[in-house]
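Secondary and tertiary structure notes
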Amino acid sequence: IHITGGTAALVAALTVGPRQRRFEWDPEEGGIIDTKPKGHSIVLVFIGTMLLWFGWYGFNGGSTLGVSDGRYVVAVTAMFNSSLASASSILSTLFIQQFVEGKLSLSGILNNSLAGLVAITPGCATQTSWGAFLTGIFSAVTAICGSKLFAYLRVDDPVDAVTVHGMCGFLGIVLTALFSNQELVHRAYGPEYISNYDHGHQLGVQIAGALAIFAFTSGLVSCILLPCKYFLPGGLRVTKADELVGTDYAHFSGYAYPDFQQQLRERREQVARKMEIARRVEEQKKSSKGNKKNSRGSREPKSRSSGENKVQNNIQSESPKSKGSDVTKDLDVHSPSGVELPEKPFNSCTQLKEQKLIRTGSKNQNEIHRAVGSPRGKTSVISISNGNEALHERLEITEAKYQDLQQKFNKLEIAMVNMIEKKLNLAFSRTSSKTGVSTSNVSRSVA
């Protein structure tokens, strides 16, 4: 029964394919990361597991089809072995999680308790007690390793049905031949069923039966799913837009997992931010040489390379903006490309006029105030030394470059928004705090 369900789940998972955003590329990690959604209520998971465990006693014990004529002993053996295997699977899971993975997971513990019940089901009435205990241990190891294996192979199994039912079901079929006792076999099925129990011969029979079930089930399910995938309109999946916002919202006007949707949005923004940062740093390195050649004079900031290193360090540490200052410490999609703004940005409409008058050598205080638009009677301290002239010239160049980069970034941000909207057929409405350009977050319902 269980290997049939596990095989059907495997064929369905391979035919349909993984969900959108389940396996995503992380530039920082340099590989694929698993963003499997978490259950919204561990309490409901616990209640469901206990209901299944309780029903398993009727499933395994009730398979005796009666309690008269001594058959109650067989039913008791089946239920005892079921409890023992599930308990040993839980203990093994606790040990592996604590000493191998370093943390406990209640959902994993509950899932592996079912793995122990699945593995003991074929031989619940014929295995010895120590055999049932070992079956629970092997089922826990199989469930944990199988779940990681299918995640590594990028097979999207939402509830680990392939691992728990398929792999642990096959394990139970094999262990039944190894841990069964001839006396228990005769008591459960009668002395005429197997006159002389041979573990090796029975192992071959069990493996052949498991392979036959796997071949028949996979072929039958494939004949049903493949035509549906390639010939039915829309195939076996909803549209990408519906899947992105969630089928609960697209078809039922509500989110079943609002926290997961928020995590996905934050994760996509984080990945996009990292990729944009890496692209800007590369562009800055390429354009640094050209900027030195095309500058107005030989006076360029000497700490150009150190500034690039500072940008790299800020990107790696991803430190937030420093409080009490306008200096951008973390380059994200809302900051200018590779430029750290000064604490008090340059005022192009006022200070540039004042600098031009200083460089021309004008000493008339009223003329300066008329040019910059300040009150006639209000004076300001202005230094007209040669060193300050060079400083003002550098500040003017920096301001011009900043304005140019700001315009380029605005165009780039608008182009990115248009590209995302065109690709996903969605509308976005997040406003940048620095540029005022609308960039992200879904703002319309999907038909």
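What the chain contains, in helices and strands, is 15 helices and two strands. Intrachain contacts of the chain at a sequence separation of at least 6 include 64% that bridge at least 24 residues. Of the roughly 26,300 Å² of accessible surface on the chain, a fraction of 60% belongs to carbon and sulfur atoms.

Side chains carrying opposite charge are able to pair once their charged atoms draw close together. For the structure shown, the criterion picks out eight salt bridges. For Asp156, the salt bridge identified is with Arg19, shortest N-O distance 2.6 Å. Of this pair, Asp156 sits in the loop between α5 (129-152) and α6 (161-179) while Arg19 sits in the loop between α1 (2-16) and β1 (23-26), and the two are 137 residues apart along the sequence. Overall, the relative accessible area of 5% leaves Asp156 in the buried class. Given the relative accessible area of 31%, Arg19 is considered partly exposed. Across the pair Glu283 and Arg279 runs a salt bridge, and its minimum N-O distance is 2.3 Å. Here the residue Glu283 and the residue Arg279 both occupy positions in helix α11 (residues 258-294), the gap between them amounting to four residues, near one helical turn. The partly exposed category is assigned to Glu283, whose relative accessible area is 40%.

Packing of helix α3 (residues 71-101) against helix α4 (residues 106-120) brings their axes to within 8 Å, and their N-to-C directions diverge by 140°. By the angle between their axes, α3 is oblique relative to α4. For the crossing formed where α3 meets α4, the hand is right-handed. Here Asn81, Ser82, Ala85, Ser86, Ser89, Ile90, Thr93, Leu94 and Gln97 of α3 lie close against α4, whose contacting residues are Gly108, Ile109, Asn112, Ser113, Gly116, Leu117 and Ile120.

This paragraph deals with the side chain of Ser139. Of note, Ser139 is situated in helix α5. For Ser139, the side chain forms a polar contact with the main-chain oxygen of Gly136, separated by 2.7 Å. Discounting chain neighbours no more than four positions away, the residues touching Ser139 are Ser89, Ala115, Gly116, Ala119, Cys168 and Leu171.

Attention now goes to the confidence of the model for the chain. Predicted coordinates in regions of low pLDDT should not be interpreted in detail. With 69% of its residues at a pLDDT of at least 70, the chain reaches an overall mean of 75. The low-confidence segment residues 427-447 (pLDDT under 50) makes 62 contacts with residues lying over four places distant or belonging to another chain.

The next subject is the environment of Thr217. Along the chain, Thr217 turns up in helix α8 (residues 199-231). Classification of Thr217 by relative accessible area gives buried; the value is 7%. Note: C-alpha distance between Thr217 and Ile3 (214 residues apart in sequence) is 9.0 Å. Sequence-distant contacts of Thr217, defined by excluding residues within four places in its chain, comprise Thr4, Thr7 and Ala8.

A few words on α3. The end-to-end C-alpha distance of α3 is 44 Å, a good match for the 45 Å that 31 residues give at a rise of 1.5 Å each. Two residues or fewer after α3 comes Gly102, characterised by a positive phi angle close to 90°.

Attention now moves to the nonpolar core. In this structure, Trp53, Trp56, Ile90, Ile109, Leu114, Ala115, Leu117, Val118, Ala143, Val164 and Cys168 together form the largest nonpolar core, which totals 11 residues. Elements with a minimum of two residues in this core: α2 (42-61), α4 and α6. Among the elements that make up this core, the one with the highest residue count is α4 (five residues). The contact partners of Ile90, leaving out residues within four places of it in the chain, are Trp53, Ile109 and Ser113.

Moving on to the environment of Asp34. On the secondary structure map, Asp34 appears in strand β2 (residues 31-34). Residue Asp34 is classed as partly exposed on the basis of its relative accessible area, which comes to 39%. Sequence separation between Asp34 and Glu24 is 10 residues, and the spatial gap between their C-alpha atoms is 6.8 Å. Sequence-distant contacts of Asp34, defined by excluding residues within four places in its chain, comprise Arg22, Phe23 and Ala151.

Together, Ile42, Val43, Leu44, Val45, Phe46, Ile47, Met50, Leu51 and Leu106 line one region of the surface with nonpolar side chains, adding up to about 780 Å² of accessible area. If you tally residues by element for the nonpolar patch, the top one is α2, at eight residues. Note on placement: Leu51 falls in helix α2. The class for Leu51 is exposed, based on a relative accessible area of 58%.

Let us now look at α4. With 15 residues, α4 extends 22 Å from end C-alpha to end C-alpha; this agrees with the ideal 21 Å at 1.5 Å per step. Among the 15 residues in α4, 12 count as buried, and that is most of the element. Among all positions in α4, only Gly108, Ile109, Leu110, Asn112, Ser113, Leu114, Ala115, Gly116, Leu117, Val118, Ala119 and Ile120 are buried. Buried residues along α4 sit against α1, α2, α3, α5 and α6.

What follows deals with unusual backbone geometry. In the Ramachandran plot, Arg154 falls in the positive-phi region, its phi being about 60° despite a non-glycine side chain. Position of Arg154 relative to the elements: it lies in the loop between α5 and α6. Phi at Asp160 takes a positive value of approximately 55°, unusual for a residue other than glycine. Here Asp160 shows up in the loop between α5 and α6.

Once that is clear, we can look at the packing of aromatic side chains. A full pass over the atoms with the stated rule returns three aromatic pairs. Both rings, one in Phe95 and one in Phe99, keep their centres 5.0 Å apart while their planes meet at 45°; by these two values the pair is tilted. Note that Phe95 and Phe99 are positioned in helix α3 at a spacing of four residues, about one turn of the helix. Residues Trp130 and Phe179 carry aromatic rings whose centres are separated by 5.3 Å and whose planes lie at 65° to one another, so their mutual orientation is edge-to-face. Taken together, the residues span a long stretch of sequence, with Trp130 in helix α5 and Phe179 in helix α6 at a distance of 49 residues. Here Phe179 falls in the buried class, since its relative accessible area comes to 10%.

Each value, and the rule that gives it
Residues numbered from 1 in each chain as written. Predicted model: local features only at pLDDT ≥ 70, side-chain atom pairs only at ≥ 80, totals over all residues. Heavy atoms only, no water. Helix = DSSP H or I, 4+ residues; strand = E, 2+ residues; numbered from the N terminus. Contact = heavy atoms within 4.5 Å. Areas by Shrake-Rupley, 256 points an atom, 1.4 Å probe, with all protein chains shown as cover. Salt bridge = Lys/Arg side-chain N within 4 Å of Asp/Glu carboxyl O. Buried < 20%, exposed > 50% of the residue type's maximum accessible area, 1.4 Å probe, protein only. Axes fitted to C-alpha atoms, helices over the stretch in contact; angles between N-to-C directions. Parallel < 35°, antiparallel > 145°, perpendicular 65-115°, else oblique. Left-handed = near helix turned anticlockwise from the far one by under 90°. Polar contact = N/O pair within 3.5 Å; in protein donor to acceptor, adjacent residues only side chain to side chain. pLDDT = per-residue confidence, 0-100. Expected span 1.5 Å × (residues − 1). Core = buried A, V, L, I, M, F, W, Y, C linked by side-chain atoms within 4.5 Å. Patch = residues over 30% accessible without salt bridge, like charges linked within 9 Å, V, L, I, M, F, W, Y side chains within 5 Å. Phe/Tyr/Trp six-rings, centres within 6.5 Å; stacked < 30°, edge-to-face > 60°.

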